Amino acid sequence: MKLLLQCSSFLCLCLACASSARAVEPGWYLLAFGGEASASGASENVATENLVDLFESAGLDVTDVTTTIDDSDTGFGAGGGYQFNDNFALEFAYVDLGSTAYRFSATVSNGTDEADADVELASSADGPVLSALAILPVGERFSVFGRVGFSLMNATGTAHITVDGADDRVSQSSQKSDPMFGVGAQYSFGKHFAVRLAWDRYLDVGTENVTGDIDADLISLGLRMGVGWFR
């Protein structure tokens, strides 16, 4: 949340300094963005129930359960695009959605002996994204846009299990091609520069056997720079 407040403050500063700005020109441009990524669909209760069921299926009783979940991280990306006219653009970017972590601690017993059990499930996703933007200018410098596309994410899930001091680690990686979509707003402060605030959702970025189906939301502040600035 603190990061988002800082991003919003930066955006307001750019708007205040843009009294003489004009709309950005169509053509090739570069972009970079960053903000807060969070997991959508990651349920602490469901993960806990699944782990308890797993231990009980092995004939172990589970007591004194404590859990924590960290479902947000810093997300960022960089890439480029081509704006054909005032209403349409294509973008290609590399996006890192950060990682999420779930931690489970409990006491397990076979009826005779007891042992401490700790489980940590972690998930991360990153990869290229191709998207199309439909742009609606609002005035000379401000515009809003909608985005649809698809991502080719490398999703990695890791399960670290420790029981009575003995530990094991299992990992799974998969390449996932799934849709994404989002909305945003952009303000230009020169014919080559603009700032944008966006929300994007990336579908199914989890791993099947570790984290299950989860989506990711990325709220970001970005900077767009036309390549004409280098001429």
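Further up the page is the structure itself.
Residues numbered from 1 in each chain as written. Predicted model: local features only at pLDDT ≥ 70, side-chain atom pairs only at ≥ 80, totals over all residues. Heavy atoms only, no water.

> Just to check I follow, could you spell out the environment of G98 for this structure?
With respect to the element layout, G98 can be found in strand 4 (residues 88-109). Separated by 120 residues in sequence, G98 and L218 place their C-alpha atoms 9.9 Å apart. Apart from the residues lying within four places of it in its own chain, the contact partners of G98 are D73, T74, S123, S124 and A125. (Helix = DSSP H or I, 4+ residues; strand = E, 2+ residues; numbered from the N terminus. Contact = heavy atoms within 4.5 Å.)

> Any chance you could explain the side chain of D178 here in plain terms?
Tracing the backbone through its elements, the reader meets D178 in strand 7 (residues 166-188). The buried charged residue D178 lacks any salt bridge partner; its closest oppositely charged side chain belongs to K176, at an N-O distance of 5.0 Å. Residues within four places of D178 in sequence aside, it is in contact with G149, F150, S151, L203 and D204. (Buried < 20%, exposed > 50% of the residue type's maximum accessible area, 1.4 Å probe, protein only. Lys, Arg positive; Asp, Glu negative; His and termini not counted. Salt bridge = Lys/Arg side-chain N within 4 Å of Asp/Glu carboxyl O.)

> Explain the packing of aromatic side chains to me, please; I cannot follow it from the model alone.
Two aromatic rings, taken as a pair, are described by how far apart their centres are and by the angle between their planes. All chains considered together, the criterion is met by seven aromatic pairs. Here the aromatic rings of Y82 and F84 are separated by 4.9 Å at their centres, their planes lie at 70°, and the arrangement is edge-to-face. Among the residues examined, Y82 registers a relative accessible area of 28% and is labelled partly exposed. On the basis of relative accessible area, F84 is assigned to the partly exposed category, the value being 44%. When the ring of F181 is compared with that of W199, the centres are 5.8 Å apart and the planes differ by 65°; the resulting orientation is edge-to-face. Of this pair, F181 sits in strand 7 while W199 sits in strand 8 (residues 193-202), and the two are 18 residues apart along the sequence. Every member of this aromatic cluster is reached through a ring pair, and the members are W28, Y82, F84 and F88. One cation-aromatic arrangement involves R224 over Y29; the distance from NZ or CZ to the ring centre is 3.8 Å. (Phe/Tyr/Trp six-rings, centres within 6.5 Å; stacked < 30°, edge-to-face > 60°. Lys NZ or Arg CZ within 6 Å of the ring centre and 35° of its normal.)

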